[in-house]
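# Close look at the chain arrangement
Here are the chains, one letter per residue:
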Amino acid sequence: MPFIPHTEPDVKQMLERIGASSIEALFDEIPADLRCGKLNGVPEGLSEMEITRLMSERAKQDGQLVNFCGAGAYEHHIPAAVWEITTRGEFYSAYTPYQAEASQGTLQLLYEFQTMMSELTGMEVSNASLYDGATALAEALLMAARANDRNTSLQVLLPRALHPYYAEVVCSCTAAQGLTVETMAFDPGTGRTPAPSTGSTPTAVVIAQPNFFGVLEDVDALTDWAHAQGALVVALVNPTSLAVLKPPGQWGSKGADIVCGEGQPLGSPLSSGGPYFGFLTARKALARQMPGRIVGRTVDLDGKQGFALTLQAREQHIRRAKATSNICTNQGLLVTAATIYLSLVGPQGLAKVATASMGNTRTLVNALSDLPGVGEAFSGSRFHEAVLTLPRPVGPLLEKLAHAGIFGGFDLSSHFPELGHALLVCATETRTDSDIRRYADTLGRLLAS
């Protein structure tokens, strides 16, 4: 909150009302050995004016880097109207619709969000958000394990070309549930993930489109192969790309079964890593296994339109061990921003964002590839990210680029050592030709020094 409203007399009055002599007495159930005591390292409190100035000065020290890094979080232009509307009191404070009949505005917005995400992904049902893209993928795999009656091996196939942080979250969230994770290798020439040649009986197969390298997978072939093995297909997608790419609901002969991803590109600022939100859509037959909230539309006794939470088990809130999922309320404000963003830009606007980003990345890759020792790692088609190979270690170069005011990309060497000195770069619609030329000139000087 922007300020603390309670004065010392207010606090004293509240303590007297509940029968506590002091704040310390209020928390006397905490054992003495667990209390931190005095905070000697914390300076004296500042006034509002002083703290505002201090934080402004520290923020200026960070500078404003020209960003060429994606890796799962993307700098897109957010129309000013998005957050002007999102932070209105009606949206900003109306958050958890536990009493659905009193939260029609919130429920209608969530219903509109679900409709948009279903249309964007080509699926039949959507939930009302998850915590972020990584946990959305973990929840999607747990959902697939519950829903796949044909194949109960609990084996999950993840592409090696998956975001490494997503893979870590999946392992953390699913290991205790009995799922085993196997990896599908990528082709070193194209960066694509071919269907495994060895026989397996996976419960679920993850297909990332685009994959972590920005490469576009052969989703039709992978989807049909996975279904032939008796697996459910979990699509992990960038929502912006769906404005120009085939929706997962049309992959292969039957389409994907579950679609998930990170919603940050849809109106959420980078903001030092969050908060973001995840989305999840699926075929209607799987709706009862979906985690989180689902909002439905109905009519009342007078025939008037109304909205209500539906298919949400009470165990999500009060019986953790028996719950289908422990996702309850989450990221409602970010979902509000996404709904407003999609409403404002529309299908054509989102397609322009996608195509402009693809064009800028092509320009960036061409400019950097002209430098001595720099080349493209893969020949496969891509969306708005690409992997470049450099003639020297990436980490020190990125540090020097940062000193020059450029956020140069994501160092892949620790997560994908087989690629050598590899750098993942991204250029969204926010980058200009002068930004790209500045990056190329600066990197060229560093490589020549």
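Report on the accompanying structure.

Thresholds, definitions, all that
- Residues numbered from 1 in each chain as written.
- Predicted model: local features only at pLDDT ≥ 70, side-chain atom pairs only at ≥ 80, totals over all residues.
- Heavy atoms only, no water.
- Pairing = 2+ DSSP bridges.
- Helix = DSSP H or I, 4+ residues; strand = E, 2+ residues; numbered from the N terminus.
- Salt bridge = Lys/Arg side-chain N within 4 Å of Asp/Glu carboxyl O.

Attention shifts here to the sheet that holds strand β8 (residues 278-282). In space, the seven strands of this open sheet follow the order β2-β8-β7-β6-β5-β3-β4, with mixed pairing throughout. Strands at the two margins of the open sheet, each flanked by one partner only, are β2 (125-126) and β4 (180-184). Note: β2 against β8, two bridges, orientation antiparallel. Within β8, the position partnered with valine 125 by the bridge is alanine 282.

Taken in spatial order, the four strands make up an open sheet running β11-β12-β15-β14, and their pairing is antiparallel. This sheet does not close on itself; its edge strands, each paired only once, are β11 (375-376) and β14 (410-411). As paired elements, β14 and strand β15 (residues 422-426) share two bridges and run antiparallel to each other. Its bridge partner lying in β15, phenylalanine 410 is registered against leucine 424.

On inspection of all chains with the given rule, the structure shows nine salt bridges. Ionic pairing is found between arginine 53 and glutamate 57, a salt bridge with its closest N-O pair at 3.2 Å. Residue arginine 53 and its partner glutamate 57 are both found in helix α3 (residues 48-62); the two are separated by four residues, about one turn of the helix. Across the pair lysine 246 and aspartate 220 runs a salt bridge whose closest N-O atoms are separated by 2.9 Å. Of this pair, lysine 246 sits in the loop between β6 (232-237) and β7 (258-262) while aspartate 220 is found in helix α9 (residues 219-228), placing the two residues 26 residues apart along the sequence. Salt bridges sharing partners connect three or more residues here, namely Glu75, Arg431 and Asp435.

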